[in-house]
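Close look at the chain arrangement
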Amino acid sequence: MKNLKSVTHTSTCYVNATRHGTAEIREKIYPLSFDPYEMIESIMKMTEEEADAATPGIIGDNPNTYTFTKNIAEHLVAQEKGDIPYCMVRPSIIGGAWKEPLPGWVDSLIGPAGLSLAAGLGALHAMPGYSSAVTDIIPVDLVANTILVAAYHTAVNPPGKRFPIYHISSSSTNPVTWGNLACAVAGNFQRHPSKRSMARAWVGLVPPHLYPFAHKVVHVAPAALADARLVVTGQTPKFVKKAATLDQIARSLEFFTSHQWFFGQHNLLAMWQSLSPGDAELFNFDTSKRNINWEVYFAYFCEGLRKYLLKEISDEDRQFFMSKL
């Protein structure tokens, strides 16, 4: 592959999810406690049922199989890359767009969008976690720009056997908390309620040991009353089942809402500083407070949830389109 100039591998900051706390997580590959080749070989010998049963013991303190397998993949690539001009980009929690293609653009319920929308519509009122914990959200357009620049940077600065890694995240340069996100979503949907709202938007993070009780009070009890009304009118009950689905999703994110991480960005900042003013404007991935204002970003994000996921057009947009007819 003599004409291969650059390969960019997209991983996730949370390959190091077990290193939560206040210590900086560096842009490097930390050692595993097992041989990745032997791990893969042992899993491949299992049936699907055996693998499912063994999963908790295999992943250990990792929050899920996603972060665990991403970590293994990093080690395999590092050992096999040789002299291939290879780099790695690790995004944190990817959110809606900051500026491109449009402010607030979002096309998926994955990440913070799904639960934010559930809270905005008045379906979700409690989450296990801590409002003071830092949530490492990063706009999707900054991630895309980082991948593009990292590919070019690797091509013009061949790393040889080195394996440069770039954290595109916000925790170290421009931290924002889960409480900030919850307040912003609830406030925005209270001021601009969706046509599909089920109840007034409000949501809070509850310490994990108290969350089961809070879930029963603010989710299960109202859902049971709503189902009772459906049964009385001859309709099929559905709300308790939906509350159980919300609970399952909320619990799957408990590890991330109950811990915090601070991802170092020494390599990313060096790459940012190497850009010309024109390239920095065109391929913006500045995560600092100079670039991202979280209050403005969350307003864009909530508008994007309504516009791009719920397909609701604001009065301002409707007036604009009507003026063009």
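Scroll up for the structure.
Described in the following lines is the structure provided in the data block.

So, on to the pattern of salt bridges. Applying the stated rule across the entire model yields 6 salt bridges. The partner of E41 in a salt bridge is K45, with the nearest N and O atoms 3.7 Å apart. Ionic pairing is found between K161 and D83, a salt bridge with its closest N-O pair at 3.2 Å. Here D83 lies in the loop between helix 3 (65-80) and strand 3 (86-91) and K161 lies in the loop between helix 5 (140-156) and strand 8 (165-168), a separation of 78 residues in the sequence. Looking at K161, the relative accessible area reads 65%, which means it is exposed.

One open sheet holds the 3 strands; their spatial order is 1-3-8, and the pairing between them is parallel. Each edge of the open sheet is held by one strand with a lone partner, namely strand 1 (7-10) and strand 8. Taking the axes of each pair of neighbouring strands and ignoring which way they run, one obtains an average angle of 25° across the sheet. One ladder, built from 4 bridges, connects strand 1 with strand 3; its direction is parallel. Its bridge partner being in strand 3, V7 is matched across the sheet by Y86. Running at roughly 165° to strand 3, helix 5 makes contact with strand 1, strand 3 and strand 8 of the sheet.

The next point concerns the packing of aromatic side chains. To describe a pair of aromatic rings, one takes the distance between the centres and the angle between the planes. Enumeration according to the criterion identifies 15 aromatic pairs in this entry. With centroids separated by 5.4 Å and ring planes inclined at 90°, the aromatic side chains of Y14 and F263 adopt a geometry described as edge-to-face. A residue pair is termed long-range when its members are at least 10 positions apart, and Y14 in the loop between strand 1 and strand 2 (24-25) and F263 in strand 11 (residues 262-263) qualify at 249 residues. This pair shows no difference in class: Y14 is buried, exactly as F263 is. Pairing Y86 with F163 gives two aromatic rings, centres 5.5 Å apart and planes at 90°, and the pair type is edge-to-face. Note that Y86 is positioned in strand 3 and F163 in the loop between helix 5 and strand 8, a separation of 77 residues in sequence.

Criteria and cut-off values
- Residues numbered from 1 in each chain as written.
- Predicted model: local features only at pLDDT ≥ 70, side-chain atom pairs only at ≥ 80, totals over all residues.
- Heavy atoms only, no water.
- Salt bridge = Lys/Arg side-chain N within 4 Å of Asp/Glu carboxyl O.
- Helix = DSSP H or I, 4+ residues; strand = E, 2+ residues; numbered from the N terminus.
- Buried < 20%, exposed > 50% of the residue type's maximum accessible area, 1.4 Å probe, protein only.
- Pairing = 2+ DSSP bridges.
- Axes fitted to C-alpha atoms, helices over the stretch in contact; angles between N-to-C directions.
- Contact = heavy atoms within 4.5 Å.
- Phe/Tyr/Trp six-rings, centres within 6.5 Å; stacked < 30°, edge-to-face > 60°.

These results come straight from atomic positions and should not be treated as a statement about function.
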